[in-house]
Amino acid sequence: MAEFDVDLFVIGGGSGGVRAARIAAGYGARVTVAEEYRMGGTCVIRGCVPKKLFVIGSHVRQEITDAAGFGWTIPEATFDWPTLIRNKDKEIARLEAAYTANVEKSGAKIVKTRAVIEDAHTVRLMTGETVRAKHILIATGGAPNHGTPIPGIEHVISSNEAFHLDELPRRIVIQGGGYIALEFACIFANFGSDVTVVYRGDNILRGFDEDVRKHVRAEMEKEGITILTGCTVASVDKHGRDYTTHLSNGSSIASDKVMFAIGRHPAVANLGLEKAGVAINPRNGGIAVDAFSQSSVPSIYAIGDVTHRFNLTPVAIREGHAFADTVFGGKTVRVDHADIPTAVFCQPEVGTVGLTETQARELHDRVDIYKTTFRPIKATMSGRDTRVLMKLVVDGSSDRVLGCHIVGDMAAEVTQAVAIAIKMKATKADFDATIALHPSAAEELVTMRTVTERHVRQAAE
């Protein structure tokens, strides 16, 4: 009788767990994946993919308005929310089927049930069956966190429910100032909702470059989104189908829906981690792992959002691949978490990679800033009041480009390409030597020649 039933048992069928399972199976490992909800995880089922579909749909309203400046006369358009939801659901179902098929084609087995850890090598399924695994990989992701309970918290929805609303809210209050809050604020606003964003900090997008934060806020407010900072939601009252949101500053807001998007917590509850001796990182609440995603129990690993390191789908995928290469492929692969590009699909879009100006000034003695704002060519004809922001953060001593920050249409697409240059440690001289692609917004990245700010750290006396 074999000591183990499988070589790898993966808990969680999201992007990271699926990648790890497929690569491990490709190396000849016997693999089982347990998923209690739907294959594809947060990103595919109730995150990045449906969100981007909503974003694309919401932009149509602006495209119709802008078309007039280019000579188009378009009859008054109508929008049907149920059609959007129905078509989104079809696409998500297609992707879930593809995820399932790809896992099974790799030779891995899928069990559609919850799994919990009994010990370092044993997993118990809700069917009552137990499986002995040489290695266990936890890839359960994260879940919305509503924070400290308040009166009326039961009336609040998260992004999970926002993807399945029966109708478009006429008025919505969204608490939060990060990716999810701002993306949904712009989605609802572009579809025609009256949107109010409530955030406890002094400005939205905490952790992003200060110029990006200011620019995005100004652009969102131009589009009619109300942004209230320095306060929080204290309570929510329900009156029939309507709600009254009471804020910590004493004011109140009437709406049809109240949504919280203040953060996500690692999905670590009731997995049997304490029983197996798997340590939790006290700083972030995720599973504590080393550089190779190994937990405090040598046979148990964790990747993706459940570790609360860098909660981005491509990071989870890279970590899952590296785990499989290292444990089953005879390679030693360590994920480099530096210079990870990211985007916020608000309106306008944000793309960023590398260090912010503040981070660079903390780490380097000399920092040069190259920054420009300009009216995009489309706006010169459409008449829309909007501006693009582009910013490069440069090490003044080595000339290396440390960070790139863009706010404007297609910012994510441009940033993905710039991330390659930054990962290769390109210098500002390399950017300057690159011939511009004209006419494009991105050409500004290689034509900015004048330092707009220079910061020199004074030596301690």
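It should be noted that the structure appears before, not after, this text.
Residues numbered from 1 in each chain as written. Predicted model: local features only at pLDDT ≥ 70, side-chain atom pairs only at ≥ 80, totals over all residues. Heavy atoms only, no water.

Q: What is the right way to look at the packing of aromatic side chains in this model?
A: Centre distance and the angle of the planes are the two values used to describe a pair of aromatic rings. Within this structure, the stated rule accounts for 11 aromatic pairs. Seen from their ring centres, W81 and F191 are 6.0 Å apart, and the 90° between their planes marks the pair as edge-to-face. In this pair, W81 is assigned in helix 4 (residues 81–106) and F191 in helix 6 (residues 179–191), connecting sequence segments 110 residues apart. Neither residue differs from the other here; W81 and F191 are each classed as buried. Between the aromatic rings of Y179 and F208, the centroid separation amounts to 5.6 Å while the plane-to-plane angle is 65°, which identifies the pairing as edge-to-face. (Phe/Tyr/Trp six-rings, centres within 6.5 Å; stacked < 30°, edge-to-face > 60°. Helix = DSSP H or I, 4+ residues; strand = E, 2+ residues; numbered from the N terminus. Buried < 20%, exposed > 50% of the residue type's maximum accessible area, 1.4 Å probe, protein only.)

Q: Whenever I open this one, empty space enclosed by the protein confuses me. Can you help?
A: Space left empty within the atom packing is revealed by a probe, the size of a water molecule, rolled over the atoms. Evaluation of the coordinates by the stated rule reveals 3 cavities of 30 Å³ or more. Computed from the structure, the largest cavity encloses a volume of approximately 60 Å³. P144, N145, S158, S159, I180, F260, A261, I262, G263 and R264 are the residues that line the largest cavity. Its residues assigned to classes, the lining of the largest cavity shows 5 nonpolar, 4 polar and 1 charged. In this model, the second largest cavity occupies a volume close to 50 Å³. (1 Å grid on protein atoms, 1.4 Å probe; cavity = no way out; pocket = protein on both sides within 12 Å on 5 of 7 lines; lining within 4 Å. Points joined across faces, edges and corners; volume = space filled by probe spheres on them. Nonpolar A, V, L, I, M, F, W, Y, C, P; charged D, E, K, R; others polar.)

Q: Help me understand helix 3 (residues 48–67), please; the structure alone is not making it clear to me.
A: Within an α-helix, residues lying three or four positions from one another point in the same direction, as the helix has 3.6 residues per turn. Given a rise of 1.5 Å per residue, 20 residues ought to cover 28 Å, and the 28 Å separating the end C-alpha atoms of helix 3 matches this to within 8%. If you look at helix 3, its biggest bend is around 25°, right at R61. If you check which residues of helix 3 are buried, you get P50, K51, F54, V55, S58, Q62, D66 and A67. Tucked inside the fold, the buried residues of helix 3 contact helix 2 (41–46), helix 4, helix 5 (159–162), helix 6 and helix 11 (377–382). (Expected span 1.5 Å × (residues − 1). Bend = angle between axes of the 7 residues up to and from the residue. Contact = heavy atoms within 4.5 Å.)

Q: Can you help me understand the side chain of T386 in this one?
A: Along the chain, the position of T386 falls in the loop between helix 11 and strand 20 (388–395). Of note is the side chain of T386, whose polar atom sits 2.6 Å from the side chain of E219. Apart from the residues lying within four places of it in its own chain, the contact partners of T386 are E219, K222, R375, P376 and A379. (Polar contact = N/O pair within 3.5 Å; in protein donor to acceptor, adjacent residues only side chain to side chain.)

Q: Is there a simple way to explain the environment of E3 in this structure?
A: Summarising the element assignment, E3 is placed in the segment before strand 1 (6–11). Assessed through its relative accessible area of 58%, E3 is described here as exposed. Sequence separation between E3 and K134 is 131 residues; the distance between their C-alpha atoms is 8.5 Å.

Read these as geometric descriptors, not functional statements.
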